[in-house]
Amino acid sequence: MYDKLEHFYFPRANARGSAIRLQEAWQAILKRRDYPQAVQKLLGEMTAGAAMIAGSITFPGSVLLQLMGDGPVRLAMVEVKPDLGIRAVARLDEKTGGIPDDATLSDLVNVHGKARCAITLVQPDPTLRTQSYQGIVDIAGSKSVAEALSAYMTHSEQVETRMWLASDAVAASGIMLQKVAGEGGKGTAADYDPEDWNRVQKLAETVTPEELLKLEPRELLTRLFWEENPRMAEPREPKFECGCSRERVSGMIRALGEREALELVAERGSIDVTCEFCGKTYSFDPIDVRALFESRTPSGTETRH
Ligand SMILES: [Zn+2]
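Residues numbered from 1 in each chain as written. Predicted model: local features only at pLDDT ≥ 70, side-chain atom pairs only at ≥ 80, totals over all residues.

A. Up close: unusual backbone geometry. Positive phi outside glycine occurs at Arg32, with the angle close to 65°. Among the structural elements, Arg32 can be located in the loop between α1 (24-30) and α2 (37-56). (Helix = DSSP H or I, 4+ residues; strand = E, 2+ residues; numbered from the N terminus.)

B. Fine view of the sheet that holds strand β2 (residues 15-22). Taken together, the five strands give an open sheet; going across it, the order is β8-β9-β2-β1-β10, and neighbouring strands pair in antiparallel fashion. Each edge of the open sheet is held by one strand with a lone partner, namely β8 (161-167) and β10 (231-232). Note that β2 and strand β9 (residues 172-179) share eight bridges and pair antiparallel. Bridge assignment links Ala19 to a residue of β9, and that residue is Ile175. (Pairing = 2+ DSSP bridges.)

C. View of the nonpolar core. Core analysis: the largest hydrophobic core is formed by 64 residues, its most contacted members being Met46, Ala50, Ala51 and Leu149. Residues Val249, Ile253, Val265 and Phe284 belong to the second largest nonpolar core, which totals eight residues. (Core = buried A, V, L, I, M, F, W, Y, C linked by C-beta atoms within 7 Å. Buried ≥ 20, exposed ≤ 12 C-beta atoms within 10 Å, placed from the backbone.)

D. Layout of the pairing of strand β5 (residues 85-92). Judged from the seven bridges that link them, strand β4 (residues 73-80) and β5 form a sheet pairing that is antiparallel. Counterpart to Val80 in the pairing with β5 is Ile86. Counted between consecutive antiparallel strands, the loop separating β4 from β5 contains four residues, among which Leu84 sits at a positive phi close to 70°. Direction of pairing for β5 relative to strand β11 (residues 239-240): parallel, over a ladder of two bridges. The residue of β11 that forms the bridge with Ile86 is Phe240.

Read these as geometric descriptors, not functional statements.
See below:
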């Protein structure tokens with residue numbers, strides 16, 4: 001069974017939508033992790049929501065959804081590549097005791113009102129990365145991830161959006177509806193009816209978390225919108241993908257500086273870096289570390305006085 005992202009369109013409502021259910025990718029994200037239930041739910045909803053947003057825009061780089069919390073969750077982050085390669089991680093405050101299963105969004109991330117949440121469209125060209133577009137998502141005013149992302153898309157991106165998200169230990173799922181701009185204008189169906197937008201929203205509102213989590217997206221859409229007859233696009237297949245590599249870790253070690261890196265490897269016998277997204281460990285022994293600095297081109301690194 002594959003993970004699916006479905007895109008559909010309601011001509012009469014002049015609205016489009018997405019439905020997603022992640023199982024394999026979600027299992028890969030949860031592997032080796034033991035998140036408290038409420039954190040797992042938060043990260044799953046963020047993952048499904050970010051994947052639907054990324055799937056709905058045309059942008060050649062990654063979409064990054066980051067939540068910097070001031071409560072038990074310090075960071076929750078999802079990265080979605082243009083080909084729907086997804087990775088996600090949450091970092092908890094070490095001092096945190098047990099987190100109740102029914103902890104709310106603000107219990108988890110906004111205890112002191114200092115949470116920050118942002119969506120970044122990361123420029124694929126590393127030299128242009130500082131020009132990446134970043135929008136701020138208001139978490140404080142929202143009860144759920146779905147509410148926060150809907151409000152962000154509606155107010156900041158000017159695309160009227162409704163989102164429903166659900167997540168458990170098995171799946172991370174969601175539905176998103178978006179009003180297409182320029183209603184009644186060019187490209188609008190002849191039988192366009194503004195009431196239809198209200199109707200498809202009302203139908204989507206009836207969705208239960210159980211349906212989102214258990215049903216294949218297409219089956220769910222048929223169940224919700226069987227009277228509306230949406231036009232379906234080819235489904236896409238999101239997957240887990242981690243961009244880590246030995247080369248990137250080498251860059252991190254080089255950034256420590258030669259002296260510090262050599263001291264560290266002398267002290268520990270090896271420098272071992274484990275990727276927090278996929279759990280892969282990259283190990284560098286003293287010979288590897290020395291080689292990292294020897295292979296560096298000396299030109300341009302020295303200043304003449
Ligand atoms: Zn990795």
